[in-house]
Amino acid sequence: MAGSLGQPFADLDFHVGWNNYSSAEEDSDRNIYPASPSSQSSRVSGASTYTKYDRHRTGWIRCIFFWILLPAKFLMGIPVYLYRFLFNTVSKAPALSGSHQHSGLHSIKRVFTLRDQIVHRTTDRRRGVIEDLHLAIEIFIEAIFDVVHKAAHFILSPSEAFRILFRWVSYYIGRTKENHGNVVEVSVTTDTLGENDPAPTEQNMTFYQSLNTDARTCQDVITELGYPYEAIRVVTADGYVLLLERIPRRDARKAVYLQHGVFDSSMGWVSNGVVGSPAFAAFDQGYDVFLGNFRGLVSREHADKNISSRRYWQYSINEHGTKDIPAMIEKIHEVKTSELKLSQPSLQEESDDQPYKLCAICHSLGGAAILMYVITQRKEEKPHRLSRLILLSPAGFHQDSTFVFTVVEYFFLMFGPFLAPFVPAFYIPTRFFRMLLNKLARDFNNYPAVGGLVQTLMSYVVGGDSSNWIGVLGLPHYNMNDMPGVSFHLALHLAQMKHTGKFRMYDYGSASANMEVYGSPEPLDLSEYYRLIDIPVDLVAGQKDKVIRPSMVRKHYKVMKNSGVDVSYNEFEYAHLDFTFSHREELLTYVMSRLLLVEPTPKQPSSQKALRLKKKGL
């Protein structure tokens, strides 16, 4: 049966190719030989002599040809109708198994040609809006010509065509069942890396109509590059579910915690691949790598499954520094301590000590949150478990900024109390518009003129910062399934800090509310407690950074230096997003050099007596 199907469709392919070649030749002839003035004038004179008698005669000729071609039109309609009927039947038929499936797939190979092409194109990793329109037009034209060519072939060989159609009908009448959804399931052989038995196994794969956006996660990026991966769910004290991701090196006595900034996620630390990403560089240097994710995703993960949007987004930087980071660092401590004690039994005798060193690398908002975390932990006389801070363009001080940010500042301060109940956060709420943004970002990269215009507009919106904003929009964590957002109260908190010129905690709007939270009518000024920071701090600023200017990072440095903190300062000729989303070898080398200043914890003594002797200096 496969052979009988193959020959007519092979002839059809010949006709398709011949027609395409002919049309191309005709187009080229028209382009090479344009109409002459004499031919144009003859057409005009012919039109002027077109009489009523000629129109009447032409109408009779048209009528005669209509009745002559009526049977051909009828014959062409039959195969078209049957083709549509069979195509719908095939699309509703469930997957077959065994020999029936094998023979069925061969027999309908040509029927699925158009659908296979659509599935293949719609499962590409990335496409833009313009590419979607181009693809839709191509598929529409191909579908029309495919139907016309098949109809012409059926007319030229009706006996063979009816014989094939009869076989199709008889084959599928007994095997068609009720369709349970718009899903086509096929059984394919797959092989999973890392399995004990590498023999291919058969499993069902489901193909949905893909909207074709790059929805890779941080896990996908890490595992595709051959690194190990572990996902840890962390629940904060107020019920928010956070994703703490890990590139595990379980026996390492040194660990690093990386925390992203605003409108970002853990993807920023791995987006530059093996060579230019801080996460992979730290792992290659022997570190156990932990990637933190703040609350504030569109998915709204919370212990309360029915939490409302307004309640979920009611948080500021306070919650990042006093809820999110403490929960993640305590989880890191729990995991590392248990793993090291399991791999090194001598550590079982000393349960109070920390058998590892933990450093933190934070960007932008993450830098402000980690400083808040260290200070509040020290005020409450709790361990912060950190050995060093490396802060890349940290937030906190913002009074030296552009005119655009000043306008935003006064807008939030004036209209904040009225807008807060109606605008809980800034994010894209629907999957369609998130998909559209992802596809537009693809178009910006494919069409440099459009991308350059959008890049210029974006840089002006954020105060003239020259970061690669178009490239960041195209990263996978800005996809249709999920996307980072910013709560209204967090934006208001930044406006408050900019207006007061102080790095302080959230102002709840009244002395009584602040008194209830802080024990004072004014929010806590964190810079006044920099003296509590008891670990080395490395500050890095970007000379082209217009979001957090170098002067503001230097202000952190001056206050810390005056407070007796072991602090260093350095500047690079980068913009705000270059610290994470761009491959900057000089910056990465510097960050790794500061990270390696912390020596791993030496092995603990094998007995309590040896430990006591060590503490006495004997």
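- Named according to an unreviewed UniProt entry, the protein is Partial AB-hydrolase lipase domain-containing protein originating from Quercus rubra.

1. Observations regarding the overall build of the protein
Thinking step 1. Assigned secondary structure in the protein consists of 23 helices and 12 strands.
Thinking step 2. Taking all 618 residues of the protein together, 43% fall into the buried category.
Thinking step 3. The contacts in the protein between residues at least 6 apart in sequence include a share of 75% that link residues at least 24 apart.
Thinking step 4. Within the structure as shown, the protein displays about 33100 Å² of accessible surface, and the carbon and sulfur contribution to it stands at 59%.

2. Points about the pattern of salt bridges
Thinking step 1. All chains considered together, the criterion is met by 22 salt bridges.
Thinking step 2. A salt bridge links Glu-230 to Arg-246; the nearest nitrogen and oxygen atoms lie 3.0 Å apart. Of this pair, Glu-230 sits in strand β3 (residues 230-235) while Arg-246 sits in strand β4 (residues 241-247), and the two are 16 residues apart along the sequence.
Thinking step 3. As a salt-bridge pair, Asp-534 and Arg-378 come within 3.6 Å of each other at their nearest N and O atoms. Pair noted here: Asp-534 is in the loop between α19 (511-518) and β11 (537-542) and Arg-378 is in helix α13 (residues 365-379), with a separation of 156 residues, a long-range link.
Thinking step 4. What makes Asp-534 partly exposed here is its relative accessible area of 47%.
Thinking step 5. For Arg-378, a relative accessible area of 30% corresponds to the partly exposed category.
Thinking step 6. A cluster of three or more residues bridged by salt bridges with shared partners is formed by Glu-230, Arg-246, Arg-250, Asp-288, Lys-336 and Glu-339.

3. Some details on empty space enclosed by the protein
Thinking step 1. Here the structure, examined in full by the defined rule, presents nine cavities of 30 Å³ or more.
Thinking step 2. If you go around the largest cavity, you meet 18 residues; those closest to its centre are His-260, Phe-263, Phe-294, Arg-295 and Gly-485.
Thinking step 3. Looking at the lining of the largest cavity residue by residue, the class counts come to nine nonpolar, seven polar and two charged.
Thinking step 4. Here the second largest cavity defines a volume of roughly 90 Å³.
Thinking step 5. Around the second largest cavity sit 14 residues that line it, and Gly-276, Pro-278, Phe-579, Leu-587 and Leu-588 are the ones nearest its centre.
Thinking step 6. At the level of secondary structure, the elements contributing two or more residues to the lining of the second largest cavity comprise α21 (578-581) and α22 (585-595).
Thinking step 7. For the lining of the second largest cavity, the class distribution of residues is eight nonpolar, four polar and two charged.

4. Things to note about the nonpolar core
Thinking step 1. If you look at the biggest cluster of nonpolar residues, it comprises 67 residues, and the most contacted ones within it are Tyr-257, Ile-370, Leu-386, Leu-389, Ile-533, Val-537 and Met-560.
Thinking step 2. The element that contributes the greatest number of residues to this core is α13, accounting for nine residues.
Thinking step 3. Dropping the residues within four chain positions of it, Ile-533 is found in contact with Leu-371, Val-374, Ile-375, Met-560 and Val-565.
Thinking step 4. Among the nonpolar cores identified, the runner-up in size contains 34 residues, and Ala-281, Tyr-287, Val-289 and Leu-392 belong to it.

5. Some points on the packing of helix α12 (residues 317-343) against α13
Thinking step 1. Between α12 and α13, the shortest axis-to-axis distance is 8 Å and the interhelical angle comes to 75°. Relative to α13, the element α12 is oriented roughly perpendicular. Residues Ile-317, Asn-318, His-320, Gly-321, Thr-322, Ile-325, Pro-326 and Ile-329 of α12 pack against Leu-365, Ala-369, Ile-370, Met-372, Tyr-373 and Thr-376 of α13.
Thinking step 2. Along the lines of polarity and charge, the residues of the contact of α12 with α13 split into nine nonpolar, five polar and no charged.

6. What about α12?
Thinking step 1. For α12, with 27 residues, the first-to-last C-alpha span of 38 Å sits near the 39 Å given by 1.5 Å per residue.
Thinking step 2. Along α12, the sharpest kink reaches roughly 30°, centred on Ile-325 and followed within four residues by the proline Pro-326.
Thinking step 3. Extensive coverage of α12 is indicated by the burial of 19 of its 27 residues.

Analysis parameters
Residues numbered from 1 in each chain as written. Predicted model: local features only at pLDDT ≥ 70, side-chain atom pairs only at ≥ 80, totals over all residues. Heavy atoms only, no water. Helix = DSSP H or I, 4+ residues; strand = E, 2+ residues; numbered from the N terminus. Buried < 20%, exposed > 50% of the residue type's maximum accessible area, 1.4 Å probe, protein only. Contact = heavy atoms within 4.5 Å. Areas by Shrake-Rupley, 256 points an atom, 1.4 Å probe, with all protein chains shown as cover. Salt bridge = Lys/Arg side-chain N within 4 Å of Asp/Glu carboxyl O. 1 Å grid on protein atoms, 1.4 Å probe; cavity = no way out; pocket = protein on both sides within 12 Å on 5 of 7 lines; lining within 4 Å. Points joined across faces, edges and corners; volume = space filled by probe spheres on them. Nonpolar A, V, L, I, M, F, W, Y, C, P; charged D, E, K, R; others polar. Core = buried A, V, L, I, M, F, W, Y, C linked by side-chain atoms within 4.5 Å. Axes fitted to C-alpha atoms, helices over the stretch in contact; angles between N-to-C directions. Parallel < 35°, antiparallel > 145°, perpendicular 65-115°, else oblique. Expected span 1.5 Å × (residues − 1). Bend = angle between axes of the 7 residues up to and from the residue.

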